[in-house]
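# Structure at a glance
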Amino acid sequence: MSLALYRRNVAVVPDQVKIFSGTLADNVLIGRDSTESRERIEALKLGPFLSRFEHGWATAVGEDGRRLSGGERQVVGLIRALIDEPAVLLVDEGINSADVELTGVIMDMLVAYAKAHAVLLISHDLRVLIHVDHLYLLEDGRIVSQGSPQALLSSSERFSKLWQIQNPKLP
């Protein structure tokens, strides 16, 4: 596979998304045809995300995106990746800075996108991973358990223990 073909078909959303001075729209549409990209953006149903900003897409984000939270930066990175409709989307801790509300927005986008594309979600937050179809639990670079999250809760002692650590019972 050529590098150009690879880049068209695989997108990565890292945990640290680079944001430039300008507006939300400027940051999402960098180097893209705005008409075609805007149609794709509309299909993402970003109302809950945009409602956070008084000026919507025209909201100035400040130098290096200083006016955005970490989770909002991650949503911008995810939108950038989804605009190009890659066959494979790799989200590497790309949800870890999102608050509960934004996590819901992100998960809705990923679930919808995964209906027709491959989505690989890497996270230490098991509450995010509980929504995936298939999960691989890695330790020391090895797969120690795999299956649906629900199946792993009952069949993998290690996954169960990690789940309990992250989700302690309230008194």
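Treat the numbers as computed from the prediction; the structure is a model and nothing was measured.

How each quantity is defined
- What you see as residue numbers is a count from 1 along each chain, following the sequence as written.
- Owing to the predicted nature of the model, reporting of local features is limited to residues with pLDDT of at least 70; listing and counting of side-chain atom pairs is limited to 80 or more, with chain, interface and lining totals taken over all residues.
- Side-chain measures here rest on the full set of heavy atoms in the structure, leaving out hydrogens and waters.
- Secondary structure follows DSSP: runs of H or I at least 4 residues long count as helices, runs of E at least 2 residues long count as strands, and numbering of each begins at the N terminus.
- A 3.5 Å cut-off defines polar contacts: any pair of N or O atoms within that distance qualifies, except that in protein one atom must be a possible hydrogen donor and the other a possible acceptor, and neighbouring residues in sequence count only when both atoms are side-chain atoms.
- Whenever a helix is involved, its axis is fitted only over the stretch in contact; in every case the axis is a line through C-alpha atoms, and angles between N-to-C directions fall within 0 to 180 degrees.
- For classification purposes, an angle smaller than 35 degrees is called roughly parallel, one larger than 145 roughly antiparallel, one from 65 to 115 roughly perpendicular, and anything else oblique.
- Handedness of a crossing follows from how the near helix is turned relative to the far one, being left-handed for an anticlockwise turn of less than a right angle and right-handed for a clockwise one.
- Throughout, a contact is declared for two residues whenever any of their heavy atoms are within 4.5 Å.
- Each residue gets one label: Ala, Val, Leu, Ile, Met, Phe, Trp, Tyr, Cys and Pro are nonpolar, Asp, Glu, Lys and Arg are charged, and the others, such as Gly, are polar.
- Salt bridges are defined by distance alone: a side-chain nitrogen of Lys or Arg within 4 Å of a carboxyl oxygen of Asp or Glu.
- Throughout, exposure labels follow a simple rule: accessible area from a 1.4 Å probe, protein chains only, divided by the maximum for the residue type, with under 20% read as buried, over 50% as exposed, and the rest as partly exposed.

What follows is about the side chain of R80. As for its placement among the helices and strands, R80 is situated in helix α5 (residues 70-83). A distance of 2.7 Å separates a polar atom in the side chain of R80 from the backbone oxygen of N27.

What follows is about the packing of α5 against helix α6 (residues 100-114). At their nearest, the axes of α5 and α6 sit 10 Å apart, and the two run at 15 degrees to each other. Looking at the two axes, α5 sits roughly parallel to α6. Every pair of crossing elements has a handedness; the one defined by α5 and α6 is left-handed. For the pair formed by α5 and α6, the contact residues are G71, E72, V75, L78 and L82 on the first element and L102, I106, M109, L110 and Y113 on the second. Taken together, the residues of the contact of α5 with α6 break down into 8 nonpolar, 1 polar and 1 charged.

What follows concerns the pattern of salt bridges. Within the structure shown, the criterion is met by 7 salt bridges. Notably, a salt bridge pairs R127 with D125, separated by 3.1 Å at the nearest N-O pair. Judged by its relative accessible area of 46%, R127 is partly exposed. Take D125: its relative accessible area is 24%, and that puts it in the partly exposed class. A cluster of three or more residues bridged by salt bridges with shared partners is formed by R52, E72, D99 and E101.

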